[in-house]
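So the chains spell out like this:
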Amino acid sequence: GAVVSQHPSRVICKSGTSVKIECRSLDFQATTMFWYRQFPKKSLMLMATSNEGSKATYEQGVEKDKFLINHASLTLSTLTVTSAHPEDSSFYICSAREALSYNSPLHFGNGTRLTVT
Amino acid sequence: DQQVKQNSPSLSVQEGRISILNCDYTNSMFDYFLWYKKYPAEGPTFLISISSIKDKNEDGRFTVFLNKSAKHLSLHIVPSQPGDSAVYFCAAKGGSGNTPLVFGKGTRLSVIA
């Protein structure tokens, strides 16, 4: 089945630094990838839609200058948390759908636990 | 405004019995529904889905029921096994394009041996 790989799985960084998270579709091409964020005991909240070769679409309330998304190829999207602060600490998960049918499951990476100290 | 609601944050079931997880939605444009299972510090894993043209879909021990008039779906797991203990998320999608999923808050299922 389709596999989405996310790296790193865990990162601890100091306040003010930037962190890059990579999301790869391993056995399929993904023109669109979705980035979600999960707070403790909360639902998965969509942050942005990453489109290959064009600008990402951000959900309301998500700062595009803080969460930089780059989708440079059909198999790779990156999320960079810039000038991270403790409130950015969260579980970030990317997902993608094989382009065979749009009514099909999203496949998720294993997530990245970001801790900002 | 939450479009997908899972009103039970947790559920405990004995091994071998049926687990029933419920989900309600408010957006009538949703036409594709999914259930995901999630362990801590991992991404969600797809379990089963149903299109709005159906009212039931079965896959092994998992069955999803959809009641469109009530905007309600449920996931039945029978028989429940200890390995089923996890958080279960209900998700929905609307529109014909490559659109994201909207998730409920999840229900933590504990299957007791």
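Provided above is the structure to which this section pertains.
What you are looking at is a predicted structure, and each value in this text was computed from that prediction instead of being measured. (Residues numbered from 1 in each chain as written. Chains lettered and ligands numbered in written order. Predicted model: local features only at pLDDT ≥ 70, side-chain atom pairs only at ≥ 80, totals over all residues. Heavy atoms only, no water.)

Asks: Mind showing me how you'd approach the sheet that holds strand β1 (residues 4–5) of chain B here?
Replies: To summarise the sheet geometry, strands pair through backbone hydrogen bonds and adopt either a parallel or an antiparallel arrangement. The antiparallel open sheet is built from five strands, whose spatial order is β1-β3-β8-β7-β6 (chain B). Looking at strand neighbours, the two that pair on one side only are β1 and β6 (56–59) of chain B, the edges of this open sheet. (Pairing = 2+ DSSP bridges. Helix = DSSP H or I, 4+ residues; strand = E, 2+ residues; numbered from the N terminus.)

Asks: I'm lost on the interface of chain A and chain B in this one. Help?
Replies: Interfaces are frequently sized by the accessible area removed from exposure as the parts join. Contacts between the two partners involve 20 residues from chain A, matched on the other side by 22 residues from chain B. Both sides of the chain A and chain B interface together cover about 1,800 Å² of buried area, and 58% of this is carbon and sulfur. Here chain A is connected to chain B by zero salt bridges. Our count for the chain A to chain B interface comes out at nine residue pairs in polar contact (both at pLDDT 80 or more). Every element with two or more residues in the side of chain A that touches chain B is listed here: β4 (32–38), β5 (44–51) and β9 (90–96) of chain A. Broken down by element, the side of chain A that touches chain B gets its largest block of residues, four residues, from β4(A). (Contact = heavy atoms within 4.5 Å. Buried area = accessible area lost by both parts, 1.4 Å probe. Salt bridge = Lys/Arg side-chain N within 4 Å of Asp/Glu carboxyl O. Polar contact = N/O pair within 3.5 Å; in protein donor to acceptor, adjacent residues only side chain to side chain.)

Asks: What is the right way to look at the side chain of A:T82 in this model?
Replies: Residues and elements named next belong to chain A. Position of T82 among the secondary structure elements: in the loop between β8 (76–81) and β9. Within polar-contact distance, the side chain of T82 engages the backbone oxygen of D65 at 3.1 Å. With sequence-adjacent residues up to four places away left out, T82 is seen in contact with T17, S18, D65, K66 and L68.

Asks: Sorry if this is basic, but what is going on with the environment of B:Q14 here?
Replies: Residues and elements named next belong to chain B. By secondary structure assignment, the location of Q14 is in strand β2 (residues 10–14). It is 8.6 Å that separates the C-alpha atoms of Q14 and P82, two residues lying 68 residues apart in sequence. Sequence-distant contacts of Q14, that is, excluding residues within four places in its chain, are made with S80, V111 and I112.

Asks: Help me understand the pattern of salt bridges, please; the structure alone is not making it clear to me.
Replies: All names here are of chain B. Scanning the model with the defined rule gives four salt bridges over all chains in all. The closest approach of N and O atoms between E58 and K56, which form a salt bridge, is 4.0 Å. Here E58 falls in the exposed class, since its relative accessible area comes to 52%. (Buried < 20%, exposed > 50% of the residue type's maximum accessible area, 1.4 Å probe, protein only.)

Asks: Would you take a moment to explain the state of the cysteines for this structure?
Replies: What we call a disulfide is simply a covalent bond connecting the sulfur atoms of a pair of cysteines. Inspection of every chain in the model, using the stated rule, returns two disulfides over all chains. Paired through a disulfide, A:C23 and A:C94 show a sulfur-sulfur distance of 2.0 Å. Sign of the S-S torsion, about 85 degrees for the bond between A:C23 and A:C94, identifies this disulfide as right-handed. Of the two residues, A:C23 is situated in strand β3 (residues 19–25) and A:C94 in strand β9; the sequence distance between them amounts to 71 residues. Residue A:C23 is classed as buried on the basis of its relative accessible area, which comes to 0%. A:C94 gets classed as buried once you look at its relative accessible area, which sits at 0%. With a sulfur-sulfur separation of 2.0 Å, B:C23 is cross-linked through a disulfide to B:C90. Disulfide B:C23-B:C90: the torsion about the S-S bond is -75 degrees, which places it as left-handed. Of this pair, B:C23 sits in strand β3 (residues 19–25) while B:C90 is found in strand β9 (residues 86–94), placing the two residues 67 residues apart along the sequence. (Disulfide = S-S within 2.5 Å.)

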